[in-house]
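# Examining the three-dimensional arrangement
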Amino acid sequence: MATTAADPAKSLVELRGIRKAFGGVHAVDGVDINLYAGEVVALLGHNGAGKSTLMKMLAGAYPVDSGDTVIAGQTVHIRR
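Residues numbered from 1 in each chain as written. Predicted model: local features only at pLDDT ≥ 70, side-chain atom pairs only at ≥ 80, totals over all residues. Heavy atoms only, no water.

## Regarding the sheet that holds strand S2 (residues 25–35)
Here we have four strands laid out as an open sheet, ordered S2-S1-S3-S4, and antiparallel in their pairing. Looking at which strands have only one partner, the edges of the open sheet turn out to be S2 and strand S4 (74–76). Taken pair by pair, the neighbouring strands of this sheet meet at an average axis angle of 30 degrees, ignoring direction. (Pairing = 2+ DSSP bridges. Helix = DSSP H or I, 4+ residues; strand = E, 2+ residues; numbered from the N terminus. Axes fitted to C-alpha atoms, helices over the stretch in contact; angles between N-to-C directions.)

## A look at the side chain of Ser11
Tracing the sequence through the fold places Ser11 in the segment before strand S1 (13–22). Not counting residues within four places of it along the chain, the set of residues in contact with Ser11 comprises Asn34, Leu35 and Tyr36. (Contact = heavy atoms within 4.5 Å.)

## Section: the pattern of salt bridges
Inspection of every chain in the model, using the stated rule, returns three salt bridges. With its nearest N and O atoms 2.1 Å apart, the salt bridge here joins Asp29 to Arg19. Of this pair, Asp29 sits in strand S2 while Arg19 sits in strand S1, and the two are 10 residues apart along the sequence. Among the salt bridges present, the one from Asp65 reaches Lys20, with a minimum N-O distance of 3.4 Å. Separated by 45 residues along the polypeptide, Asp65 in the loop between helix H1 (51–59) and strand S3 (66–71) and Lys20 in strand S1 bring together distant segments of the chain. A relative accessible area of 9% means that Lys20 is categorised as buried. (Salt bridge = Lys/Arg side-chain N within 4 Å of Asp/Glu carboxyl O. Buried < 20%, exposed > 50% of the residue type's maximum accessible area, 1.4 Å probe, protein only.)

## Focus on the pairing of S3
The pairing of S1 with S3 spans five bridges and is antiparallel. Each bridged residue has a counterpart across the sheet, and for Glu14 the counterpart in S3 is Val70. The loop that links S3 with its antiparallel partner S4 comprises two residues; one of these, Ala72, has a positive phi angle of about 50 degrees.

## Considering the environment of Leu15
Tracing the backbone through its elements, the reader meets Leu15 in strand S1. Given a relative accessible area of 5%, Leu15 falls into the buried group. Sequence separation between Leu15 and Gly30 is 15 residues; the distance between their C-alpha atoms is 9.4 Å.

Rendered as structure tokens:
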């Protein structure tokens, strides 16, 4: 049986080793996360922890410095 993006056992979005720095400040440093269909996810952390930066990279507002973004099994490079 083929696995599809709607398969609950397969992640729809996978972030692997995502990093982002602004000058010498490492806003996001090595984030790994898998998001699955039908899942509700909360991203929690202190001010300055990189939550908004991570979401802005996923939306394409900020480029990813390093790491992989995989959507529905395909590695992608999100750009504006």
